[in-house]
Amino acid sequence: MDRHDLFFRFLFGGSAVVLSYVTAKLLPWKVIGGIFAAFPAVMVVAVMMVGMKKGSKEAAKTAQGSVYGMIGGFICVLTVLFSLQFTQNWWGSFIFGLITWFASSLFLVYMRDHKKENRASNIKLEH
């Protein structure tokens, strides 16, 4: 990765994070502020950078892969929320949420691949 790439990642990613933070702070509704605070700034920059370097098809693959991470992020938020309510331990809830995020994201990718394999084997059996 060259300095040019790093500069643009910092510029666009950092700007998106700052924008989401400022939006979260300025909005009077805390729920909406939380939604903006969770803005997928990293995904947006990753798709943009891959698109600039490798084209739209590769950018689409990156965006498709981010869906699994974002679903995992939703599961992470629910895990942390419920864990905090039951344990009152923010550090343990945070760690548990990250583990749940990673495991659920990997599980979703596994399920996608498993479904593709089943579809391919069913097509072979039909012919």
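Data block above holds the structure.
Residues numbered from 1 in each chain as written. Predicted model: local features only at pLDDT ≥ 70, side-chain atom pairs only at ≥ 80, totals over all residues. Heavy atoms only, no water.

Some words on the pattern of salt bridges
Formally: Salt bridge, as used here: a side-chain nitrogen of Lys or Arg that lies within 4 Å of a carboxyl oxygen of Asp or Glu. Secondary structure elements follow DSSP: runs of H or I of four or more residues count as helices, runs of E of two or more count as strands, with numbering from the N terminus. Each residue is placed in one exposure class: buried if its accessible area under a 1.4 Å probe, protein chains only, is under 20% of its type's maximum, exposed if it is over 50%, and partly exposed if it falls in between.
Under the counting rule described, the total for this entry stands at three salt bridges. The partner of Glu58 in a salt bridge is Lys61, with the nearest N and O atoms 3.2 Å apart. Separated by three residues within a single helix, Glu58 and Lys61 lie in helix α4 (residues 56–87), roughly one turn from each other. Accessibility expressed as a relative area gives 31% for Glu58, which makes it partly exposed. Residue Lys61 is classed as exposed on the basis of its relative accessible area of 52%. Note that Asp113 is salt-bridged to Arg112, the shortest N-O span being 3.0 Å. On the basis of relative accessibility, which here comes to 31%, the residue Asp113 falls in the partly exposed class.

Concerning the packing of aromatic side chains
The following threshold applies: We call Phe, Tyr and Trp rings a pair once their centres come within 6.5 Å, taking the six-membered ring for Trp, and we label the pair stacked below 30 degrees between planes, edge-to-face above 60, and tilted otherwise.
Evaluation of the coordinates by the stated rule reveals four aromatic pairs. Ring plane angle 50° and centroid distance 6.0 Å describe the contact between Trp101 and Phe102, whose orientation is recorded as tilted. Under the relative-accessibility criterion, Phe102 is labelled partly exposed at 47%. Ring pairs connect the aromatic residues Trp90, Trp91 and Phe94, which therefore count as one cluster.

Notes on the side chain of Ser83
Inclusion rule: Two residues form a contact once any of their heavy atoms are found within 4.5 Å.
With respect to the helices and strands, the residue Ser83 is situated in helix α4. The class of Ser83 is buried, set by a relative accessible area of 12%. When near neighbours in sequence (up to four residues on either side) are disregarded, Ser83 contacts Gln88, Ser93 and Phe96.

Quick word on α4
The line we're drawing: Take the number of residues in a helix, subtract one, and multiply by 1.5 Å to get its expected span.
End to end, α4 covers 45 Å across 32 residues, agreeing with the expected 46 Å (1.5 Å per residue, within 8%). Count one or two residues on from α4 and you reach Gln88, which has phi positive near 60°.

Notes on the environment of Gly97
The residue Gly97 is located in helix α5 (residues 90–126) in this model. When residues no more than four places from it in sequence are discounted, the contact partners of Gly97 are Cys76, Thr79 and Val80.

What about unusual backbone geometry?
Trans peptide bonds make up most of the peptide bonds, and negative phi angles are found at most residues other than glycine. Unlike most non-glycine residues, Gln88 shows phi in positive territory, near 60°. Within the secondary structure, Gln88 is located in the loop between α4 and α5. Taking the relative accessible area as the measure of exposure, Gln88 reaches 64% and is therefore exposed.

A closer look at a nonpolar patch on the surface
Selection criterion: Patch membership requires more than 30% relative accessible area and the absence of a salt bridge. Residues of like charge join within 9 Å; the nonpolar side chains Val, Leu, Ile, Met, Phe, Trp and Tyr join within 5 Å. Only the protein chains shown count as cover for residues, with accessible areas throughout obtained via the Shrake-Rupley method and a probe of 1.4 Å.
Taken together, the side chains of Leu84, Trp90, Trp91, Phe94, Ile95, Leu98, Ile99, Trp101, Phe102 and Leu106 make up a nonpolar region of the molecular surface, amounting to roughly 1,000 Å² of accessible area. No other element matches α5, which puts nine residues into the nonpolar patch. Position of Trp101 among the secondary structure elements: in helix α5.

Quick look at the environment of Thr79
Tracing the backbone shows Thr79 in helix α4. Spatially, the C-alpha atoms of Thr79 and Thr100 are 7.3 Å apart, while their sequence positions differ by 21 residues.

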